[in-house]
Protein chains: 2
Amino acid sequence: MSDLDQTIGFIGLGLMGRPMALHLQRAGAGLVIHNRSRGVVEELAAQGMTPAASPRQVAERAPMVIMMLPDTPAVEQVLCGGEGVLAGIQPGALVIDMGTTAVMATRRFADLVHGRGGEYVDAPVSGGQVGAREASLTIMAGGSEQAFARAAPALAAMGTNITHVGAVSAGQVAKAANQVIVGLTIGAVAEALTLVKKCGVDPAKVRQAFKGGFAWSRIMELHGQRMIDGTFEPGGKALTQRKDLQQALELAQVVGARLPATALNRDLYDELIASGDGELDHSALIKVLE
Amino acid sequence: MSDLDQTIGFIGLGLMGRPMALHLQRAGAGLVIHNRSRGVVEELAAQGMTPAASPRQVAERAPMVIMMLPDTPAVEQVLCGGEGVLAGIQPGALVIDMGTTAVMATRRFADLVHGRGGEYVDAPVSGGQVGAREASLTIMAGGSEQAFARAAPALAAMGTNITHVGAVSAGQVAKAANQVIVGLTIGAVAEALTLVKKCGVDPAKVRQAFKGGFAWSRIMELHGQRMIDGTFEPGGKALTQRKDLQQALELAQVVGARLPATALNRDLYDELIASGDGELDHSALIKVLE
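Residues numbered from 1 in each chain as written. Chains lettered and ligands numbered in written order. Predicted model: local features only at pLDDT ≥ 70, side-chain atom pairs only at ≥ 80, totals over all residues. Heavy atoms only, no water.

### A few points about the overall build of chain A
Heads up, the rule is: Under the DSSP-based scheme used, a helix requires at least four consecutive residues in state H or I and a strand at least two consecutive residues in state E, with every element numbered from the N terminus. We compute the radius of gyration from the C-alpha atoms alone; for a globule the expected value is 2.2 Å times N to the 0.38, where N is the number of residues. For every residue, the accessible area (1.4 Å probe, protein chains only) is compared with the maximum for its type, and the residue is labelled buried under 20%, exposed over 50%, or partly exposed between those bounds. In these tables, accessible area is a Shrake-Rupley quantity obtained with a 1.4 Å probe, and a residue counts as shielded only by the protein chains included in the view. Positive residues here are Lys and Arg, negative ones are Asp and Glu, while His and the chain termini are left out of the count. For the purpose of locating charges, the reference atoms are NZ of Lys, CZ of Arg, CG of Asp and CD of Glu.
Regarding its fold elements, chain A presents 13 helices and 9 strands. Its C-alpha radius of gyration of 20 Å places chain A within 12% of the 19 Å reference for a compact globule of 290 residues. In terms of overall dimensions, chain A has C-alpha extents of about 65 × 40 × 35 Å along its principal axes. Within chain A, the proportion of its 290 residues that are buried is 60%. Of the roughly 10400 Å² of accessible surface on chain A, 51% is carried by carbon and sulfur atoms. Taking the average location of the 25 positive side-chain charges in chain A and that of its 28 negative ones, the two points are 2 Å from each other.

Have a look at this one:
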């Protein structure tokens with residue numbers, strides 16, 4: 001791994017952000033960190049990272065600021081709030097949003113950063129907490145060639161399959177498409193295994209029969225097994241999946257894309273959440289069919 | 001490959017059946033063949049196979065009869081017709097149905113064969129014409145342990161991943177589930193790539209970004225590429241996919257399984273077929289979204 005001889009700001013140290021920041025430190029970077037809840041900041045400060053009192057203070061000290069936040073309103077607040085990144089941004093700074101943020105909002109955030117002479121890369125991830133822990137995240141990046149080239153060494157410390165998809169927001173478009181496929185494929189596996197069980201056939205044998213064929217997918221491999229076992233510890237929460245599907249549907253409306261199966265899939269997640277199972281893994285969707 | 005020192009009857013020598021029969025011959029079996037249209041029979045007779053004038057005559061000469069027919073009515077006709085397999089079946093004969101046949105009909109056909117002292121295995125396949133040509137079919141089998149053990153050497157000459165899923169009809173249940181997943185995953189990839197294109201992002205880059213991640217599947221690999229290229233030579237026809245989805249939905253109704261996404265997927269295939277594209281590859285589903 002190349003030596004990251006630079007200062008990197010990191011805002012958002014949750015289940016994903018914490019291991020990602022640690023990988024950057026291990027790769028040689030000096031970390032300036034901020035998080036809404038303080039416990040994790042104190043823990044990481046004890047491991048040599050530098051705490052900052054606000055996103056503004058992170059931006060004042062770091063020429064590269066990474067955000068790993070739960071949703072679009074959180075990015076808006078961290079970026080544009082009174083003590084936000086934009087209030088402290090250095091000339092020529094690079095801002096990287098690695099969360100799953102709405103496409104149209106991403107374009108607006110990038111414009112604001114460009115307006116202050118900075119650069120912007122959206123680099124959302126797939127692969128979940130396991131990918132974050134093992135530095136094996138899939139990273140889908142949007143931004144100029146120059147900005148992506150600058151972000152690439154840091155991204156390489158956190159992920160494996162890193163693709164420069166296109167201009168600013170192209171990474172978020174890819175992530176929205178990713179979530180559409182994940183939700184719909186979970187739905188596909190759930191309906192197929194429900195049919196199999198209702199016919200009195202062993203779903204584990206059927207999953208085995210599918211290996212390597214056209215019905216095979218990462219979702220069948222991992223989430224199909226969870227459905228067979230009936231173990232739904234997240235993983236990716238149903239609530240998060242529902243949020244991502246809703247975000248994709250709102251984007252589809254803006255750009256005029258017809259997504260009927262995605263809309264139905266969102267409705268099924270609404271059912272699951274209404275029955276009190278929103279905190280379960282998204283593979284728990286099979287429960288609304290049973 | 002083990003030497004198939006036996007006589008095998010083969011009925012249905014279409015795009016799938018023809019290469020499958022040739023693999024059996026290459027593995028050492030003596031083939032007795034029948035097909036509704038005569039051209040392929042004459043061609044294969046010139047290569048050393050023995051033509052029979054009817055399914056009955058095939059059954060009279062072969063202790064193992066394989067059927068590879070387009071749909072359930074064709075199986076009914078070949079098995080139960082006046083000159084059908086049941087009219088000529090040998091004591092202890094094994095009948096193997098490798099087509100995609102309705103589950104409830106399969107149970108009835110097996111009962112009829114058992115009633116004549118024969119054995120029955122349903123062994124539908126996945127992998128299409130390429131799999132048939134390359135003897136790399138995925139085969140999902142239902143039947144007794146004894147019947148499956150008897151069928152296994154012949155199946156091994158035609159496929160690679162061969163799974164004994166369960167009792168008679170379990171193979172057809174697995175195949176129905178397979179087709180549900182294939183149809184829904186094609187739909188998922190189609191909606192995702194439509195969203196990406198409408199956002200002005202390069203779908204080939206997005207497909208690249210998905211490699212190995214949760215959005216990755218055999219369907220994204222193969223059919224996703226077809227959607228990006230806009231080339232829809234079948235492969236698997238939309239009409240066949242629609243038939244298989246309808247068959248799965250009818251089965252779901254009998255056993256009380258809820259398959260809302262499958263029903264929507266069938267409706268989208270109906271739209272595609274109504275617009276005159278039923279003969280295209282099933283990945284052409286993306287056309288109804290555009």
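On we go.
### Details of the pattern of salt bridges
Rule in force here: One speaks of a salt bridge when a side-chain nitrogen belonging to Lys or Arg is within 4 Å of a carboxyl oxygen belonging to Asp or Glu.
Enumeration over the complete set of coordinates arrives at 28 salt bridges over all chains. The salt bridge partner of Glu279 of chain A is Lys237 of chain A, with a shortest N-O separation of 2.8 Å. Within this pair, whereas Glu279 of chain A is found in the segment after helix H13 (260-274), its partner Lys237 of chain A is found in the loop between helix H11 (218-229) and helix H12 (238-255), the two being separated by 42 residues in sequence. Overall, Glu279 of chain A belongs to the partly exposed group, its relative accessible area being 47%. You can call Lys237 of chain A partly exposed: its relative accessible area is 33%. Here Lys243 of chain B ties to Asp244 of chain B by a salt bridge, and the two come within 3.1 Å at their closest N and O atoms. Exposure remark for Asp244 of chain B: the relative accessible area of 4% places this residue in the buried category. Put simply, Arg56, Glu60 and Glu83 of chain A are held in one network by salt bridges that share partners.

### Points about the relation of the copies chain A and chain B
Formally: Each copy is superposed on the other by least squares, with the fit set by C-alpha atoms of residues at a pLDDT of at least 70 in both. When checking whether two residues touch, look at their non-hydrogen atoms; a contact exists if any pair is within 4.5 Å.
Least-squares fitting of chain A to chain B yields an RMSD of 0.0 Å, with the superposition described by an axial translation of 0.0 Å and a rotation of 180 degrees. Read as a symmetry element, the transformation amounts to a two-fold axis. Of the C-alpha atoms belonging to chain A, the one lying closest to the rotation axis is found on Ser217 of chain A, 2.1 Å away. In this assembly the copies share their binding face: 100% of the residues contributing to the interface of chain A also contribute to that of chain B.

### Things to note about the interface of chain A and chain B
Applicable threshold: Buried area is a sum: the accessible area each of two parts loses on coming together, probed at 1.4 Å, counted once for each and added.
Chain A puts 63 residues into the contact, and the matching count from chain B is 63 residues. Both sides together, the interface formed by chain A and chain B hides about 5200 Å², and carbon and sulfur atoms give 69% of it. Of all residues in chain A, Leu195, Phe214 and Arg258 of chain A give up the largest surface area on contact with chain B, accounting jointly for 16% of the area buried on that side. Glu271 of chain B is the salt-bridge partner of Arg258 of chain A, the closest N and O atoms lying 2.8 Å from each other.

### Side note on the domain arrangement of chain A
A common measure of how large an interface is: the accessible area buried when the components associate. All names here are of chain A. Counted only if it meets this: The start and end points of each domain follow an automatic or database-based domain assignment. Residue polarity follows a fixed list, in which Ala, Val, Leu, Ile, Met, Phe, Trp, Tyr, Cys and Pro are nonpolar, Asp, Glu, Lys and Arg are charged, and the others, Gly among them, are polar.
We note that the domain assignment places domain 1 (7-167) and domain 2 (173-289) within chain A. Contacts between domain 1 and domain 2 engage 14 residues on the former and 11 residues on the latter. With both chains or domains summed, domain 1 and domain 2 bury close to 920 Å², and 64% of this area falls on carbon and sulfur atoms. Run the count over domain 1 and domain 2 and you get 0 salt bridges. Elements with a minimum of two residues in the side of domain 1 that touches domain 2: helix H6 (103-115) and strand E7 (125-126). Here the side of domain 1 that touches domain 2 is composed, by residue class, of 8 nonpolar, 5 polar and 1 charged.

### Examining the side chain of Asp281 of chain B
Residues and elements named next belong to chain B. Heads up, the rule is: Identification of polar contacts relies on pairs of N or O atoms within 3.5 Å, with a donor-acceptor requirement for protein atoms, meaning one able to donate a hydrogen and the other able to accept it, and with residues adjacent in sequence counted only if both atoms are side-chain atoms.
Following the sequence through the fold, Asp281 ends up in the segment after helix H13 (260-274). You can call Asp281 buried: its relative accessible area is 0%. In terms of polar contacts, Asp281 uses its side chain to reach the side chain of Arg226, at 3.0 Å. If sequence neighbours within four positions are ignored, Asp281 has contacts with His223, Arg226, Phe232, Glu233, Pro234, Gly235, Gly236, Lys237 and Ala238.

### Description of the pairing of strand E5 (residues 94-97) of chain A
Residue and element names in this part refer to chain A. Rules: Strand pairing requires that DSSP identify at least two bridges connecting the strands. Orient the strands so they point away from the viewer, and a crossover whose first-strand-to-second-strand path over the helix runs clockwise is right-handed.
The two faces of E5 match: Leu94 and Ile96 on one face and Val95 and Asp97 on the other face are all buried. Where strand E4 (residues 64-67) and E5 come together, 4 bridges link them in parallel fashion. By the bridge assignment for E5, Met64 is matched with Leu94. Sheet topology places E5 next to strand E6 (residues 119-122); 4 bridges connect them, and they run parallel. Paired with Asp97 across the strands is Asp122, a residue of E6. With H6 bridging E5 and the parallel E6, this β-α-β connection has right-handed handedness.

### Observations regarding the confidence of the model for chain A
Note the following rule: The pLDDT score gives, residue by residue, the confidence of the prediction method on a 0 to 100 scale.
Of all residues in chain A, 99% attain a pLDDT of 70 or more, and the chain-wide mean is 97. Two numbers describe this predicted complex: its pTM, 0.94, and its ipTM, 0.95.

### Here we look at the pairing of strand E2 (residues 30-34) of chain A
Residue and element names in this part refer to chain A. For E2, a buried count of 4 out of 5 residues is recorded, marking the element as mostly surrounded by other parts of the structure. Summarising the sheet, strand E1 (residues 7-11) and E2 pair through 5 bridges and their orientation is parallel. In the sheet register, Thr7 faces E2, and the bridge partner there is Gly30. In the classification by handedness, the crossover that spans E1, the intervening helix H1 (residues 17-26) and the parallel E2 is right-handed. Sheet topology note: the E2/strand E3 (residues 50-51) ladder contains 2 bridges and is parallel. For Ile33, the partnering residue across the bridge sits in E3 and is Pro51.

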